Amino acid sequence: MLQPRIETLQEKKLIGKRLKMSFADNKTGELWRSFMLNRKAIINTASIDLYSLQLYALDFFNPFNPHAAFEKWAAVEVADFDHIPDGMEAFTLNSGLYAVFLHKGSSTDNSTFQYIFSTWLPNSEYVLDDRPHFELLGDKYKNADADSEEEIWVPIVRKS
């Protein structure tokens, strides 16, 4: 079984673009195309990794509704917010505890997400925390390629 590493994320400063969408009306491609066109305008990057970040309402997954809206960001980490390109915004990703899963395979394969939310999380000593979820897209990320790798970061807190 896929076991995560449990990690405390330190605060990150991100610059990127965001869009409201739902799983039924997924605009991820549109968001990333728009972001990547202007990515080079971000001059103070702290990493080459990309962040695909989601802001869900606290009750978003209970019960799950594919038409429920959420906010998605395409972003990079920056050293500071001194230079924010036109058309982009700043986002502070606060520190906190995360379960980090390595997903190998196409970005269109949802089996890792299904495992996390239907098997691992209900059987773990954790519950979801009300903080951003994100995927960290590093140098092994190849989008819809079967050889792609990405990290899935799920915000958690210990069960009471």
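Look up: the structure comes first, before these words.
Residues numbered from 1 in each chain as written. Predicted model: local features only at pLDDT ≥ 70, side-chain atom pairs only at ≥ 80, totals over all residues. Heavy atoms only, no water.

Overview of the overall build of the chain
Point 1. Summing up its helical and strand segments, the chain has two helices and nine strands in all.
Point 2. When the helices and strands of the chain are listed from N to C terminus, the series reads β-β-α-β-β-β-β-α-β-β-β.
Point 3. Radius of gyration (C-alpha) of the chain: 16 Å, near the 15 Å computed for a compact globule of 160 residues.
Point 4. Projected onto its principal axes, the C-alpha coordinates of the chain cover approximately 45 × 30 × 30 Å. (Helix = DSSP H or I, 4+ residues; strand = E, 2+ residues; numbered from the N terminus. Rg over C-alpha atoms; globule rule 2.2 N^0.38 Å.)

Observations regarding the packing of aromatic side chains
Point 1. Under the definition given, this model contains 19 aromatic pairs.
Point 2. Summarising the aromatic geometry, the rings of F60 and F64 are spaced 6.1 Å apart at their centres and angled 75° between planes, so their arrangement reads as edge-to-face.
Point 3. Judged by centre distance (5.7 Å) and plane angle (65°), the ring pair of Y98 and W153 falls under edge-to-face. With Y98 in strand β6 (residues 96-104) and W153 in strand β9 (residues 149-158), this pair connects stretches of sequence that are 55 residues apart.
Point 4. Owing to a relative accessible area of 0%, Y98 belongs among the buried residues under this scheme.
Point 5. Among the aromatic residues, those joined into a cluster by ring pairs are F23, Y56, F60, F61, F64, F70 and F117.
Point 6. The aromatic ring of Y98 is capped on one face by R131, whose charged end is 4.6 Å from the ring centroid. (Phe/Tyr/Trp six-rings, centres within 6.5 Å; stacked < 30°, edge-to-face > 60°. Buried < 20%, exposed > 50% of the residue type's maximum accessible area, 1.4 Å probe, protein only. Lys NZ or Arg CZ within 6 Å of the ring centre and 35° of its normal.)

Overview of unusual backbone geometry
Point 1. In this chain, N62 is followed by P63 through a cis amide linkage whose omega measures -10°.
Point 2. Note on placement: P63 falls in the loop between β3 (45-55) and β4 (70-78).

Describing the nonpolar core
Point 1. Counting residues in hydrophobic clusters, the biggest one holds 15 residues, and the most contacted among them are W32, F35, I42, L50 and V76.
Point 2. Elements represented by at least two residues in this core include exactly β2 (12-21), α1 (28-38) and β4.
Point 3. Contacts of F35, omitting those with residues within four sequence positions, involve I15, G16, K17, I42, L50, A74, A75, V76 and M88.
Point 4. Within the second largest apolar cluster, 13 residues are counted, among which are L9, L14, A75 and V100. (Core = buried A, V, L, I, M, F, W, Y, C linked by side-chain atoms within 4.5 Å. Contact = heavy atoms within 4.5 Å.)

Overview of the pairing of β2
Point 1. Sheet analysis places β2 next to strand β5 (residues 89-93), joined by five bridges and oriented antiparallel. Within β5, the position partnered with G16 by the bridge is E89.
Point 2. As paired elements, β2 and β4 share nine bridges and run antiparallel to each other. Within the sheet, the bridge partner assigned to I15 lies in β4 and is V76. (Pairing = 2+ DSSP bridges.)

Here's the deal with the environment of W32
Point 1. Positionally, W32 belongs in helix α1.
Point 2. A sequence separation of 14 residues divides W32 from R18, and the C-alpha atoms of the two residues are 9.3 Å apart.

Considering the pattern of salt bridges
Point 1. According to the stated counting rule, one finds nine salt bridges in the structure shown.
Point 2. The closest approach of N and O atoms between E7 and R5, which form a salt bridge, is 2.7 Å.
Point 3. Its relative accessible area of 27% is what places E7 among the partly exposed residues.
Point 4. Judged by relative accessible area, R5 falls into the partly exposed class, the value being 38%.
Point 5. Across the pair E125 and R158 runs a salt bridge, and its minimum N-O distance is 1.7 Å. (Salt bridge = Lys/Arg side-chain N within 4 Å of Asp/Glu carboxyl O.)

What to know about α1
Point 1. Taken residue by residue, α1 has T28, L31, W32 and F35 as its buried positions. Projected down its long axis, α1 shows its buried positions confined to an angular sector of 90°, all on one face. Across from the buried face of α1, at angles greater than 90 degrees, the exposed residues are R33 and L37.
Point 2. Check the buried side of α1 and you find it contacts β2, β3, β4 and β8 (133-137). (Arc of directions from axis to C-beta.)

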